[in-house]
Amino acid sequence: QVQLVESGGGLVQAGGSLRLSCAASGSIFSMYDMGWYRQAPGKQRELVAGITGGSSTNYADAVKGRFTISRDNAKNTVYLDLNSLKPEDTAVYYCNAVITLPLIGRRDYWGQGTQVTVSS
């Protein structure tokens, strides 16, 4: 079982920046593929950025060049740096951890979410 705790959300003006953090419990954090998702009111949850255990990254087109995902395995933490924020980035941001192990299969874990609000 993995527990994920997000922090760093808040209210920011358009063009501003925030750093989201997601702290994970457990001793095999480096094996997890991690991701940040977001869900705006009335919309489906969508992938924002992902980072594998090997630190390969991928981004949604809407955030490429503005957001950066990174991880610190020594601290069991994944980060999302949000720059040049736009009002359309307003959403609840969720941290996700995925691992697939022999005999156990795939396990998916979610944090409770952190609100990001961008004012125009």
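In this report, the structure presented in the accompanying data block is examined. These figures come from a predicted structure and were not determined experimentally.

1. Re the overall build of the protein chain
Move 1: A count of helical and extended segments in the protein chain gives 0 helices and 11 strands.
Move 2: Its C-alpha atoms give the protein chain a radius of gyration of 14 Å, within 12% of the compact-globule value 14 Å for 120 residues.
Move 3: C-alpha atoms of the protein chain, sized along the principal axes, occupy 50 × 30 × 25 Å.
Move 4: A sequence separation of at least 24 residues applies to 54% of the contacts in the protein chain between residues at least 6 apart.
Move 5: Summed over its atoms, the accessible surface of the protein chain is roughly 6,400 Å², and 49% of this surface lies on carbon and sulfur atoms.
Move 6: Across the protein chain, the centroid of the 11 positively charged side chains sits 1 Å from that of the 9 negatively charged ones.

2. Points about the pairing of strand E4 (residues 33-39)
Move 1: For E4 and strand E9 (residues 91-101), the ladder comprises 7 bridges, and the chain directions are antiparallel. Directly across from Trp 36, in E9, lies its bridge partner Cys 95.
Move 2: Across 5 bridges, E4 lies against strand E5 (residues 46-51) in antiparallel orientation. Bridged to Gly 35 within E5 is Gly 50.
Move 3: In this antiparallel pair of consecutive strands, E4 and E5, the connection spans 6 residues, and Gly 42 shows a positive phi of 80°.

3. Looking at the pairing of strand E10 (residues 105-110)
Move 1: Bridge count between E9 and E10: 6 bridges; the pairing is antiparallel. Paired with Asn 96 across the bridge in E10 is Trp 110.
Move 2: Hairpin connection from E9 to E10: 3 residues lie between these consecutive antiparallel strands, with Leu 103 at a positive phi of about 70°.

4. Examining the packing of aromatic side chains
Move 1: Counted according to the given criterion, the structure contains 2 aromatic pairs.
Move 2: Plain terms: the ring middles of Tyr 32 and Tyr 109 are 6.3 Å apart, the flat faces sit at 65° to each other, and that makes the pair edge-to-face. In this pair, Tyr 32 is assigned in the loop between strand E3 (18-24) and E4 and Tyr 109 in strand E10, connecting sequence segments 77 residues apart.
Move 3: Given a relative accessible area of 13%, Tyr 109 falls into the buried group.
Move 4: Both rings, one in Tyr 37 and one in Trp 110, keep their centres 4.9 Å apart while their planes meet at 65°; by these two values the pair is edge-to-face. With Tyr 37 in strand E4 and Trp 110 in strand E10, this pair connects stretches of sequence that are 73 residues apart.
Move 5: On the basis of relative accessible area, Trp 110 is assigned to the partly exposed category, the value being 37%.

5. Some points on the state of the cysteines
Move 1: Applying the stated criterion to the full structure yields 1 disulfide.
Move 2: Residue pairing for Cys 22: its cysteine sulfur links by disulfide to Cys 95, the two sulfurs lying 2.1 Å apart. The disulfide joining Cys 22 to Cys 95 has a torsion of about -85° about its S-S bond and is therefore left-handed. You can see Cys 22 sitting in strand E3 and its partner Cys 95 sitting in strand E9, a full 73 residues away along the chain.
Move 3: Taking the relative accessible area as the measure of exposure, Cys 22 reaches 0% and is therefore buried.

What counts, and where the lines are drawn
- Residues numbered from 1 in each chain as written.
- Predicted model: local features only at pLDDT ≥ 70, side-chain atom pairs only at ≥ 80, totals over all residues.
- Heavy atoms only, no water.
- Helix = DSSP H or I, 4+ residues; strand = E, 2+ residues; numbered from the N terminus.
- Rg over C-alpha atoms; globule rule 2.2 N^0.38 Å.
- Contact = heavy atoms within 4.5 Å.
- Areas by Shrake-Rupley, 256 points an atom, 1.4 Å probe, with all protein chains shown as cover.
- Lys, Arg positive; Asp, Glu negative; His and termini not counted.
- Charge placed at Lys NZ, Arg CZ, Asp CG, Glu CD.
- Pairing = 2+ DSSP bridges.
- Phe/Tyr/Trp six-rings, centres within 6.5 Å; stacked < 30°, edge-to-face > 60°.
- Buried < 20%, exposed > 50% of the residue type's maximum accessible area, 1.4 Å probe, protein only.
- Disulfide = S-S within 2.5 Å.

Keep in mind these numbers describe shape, not what the thing actually does.
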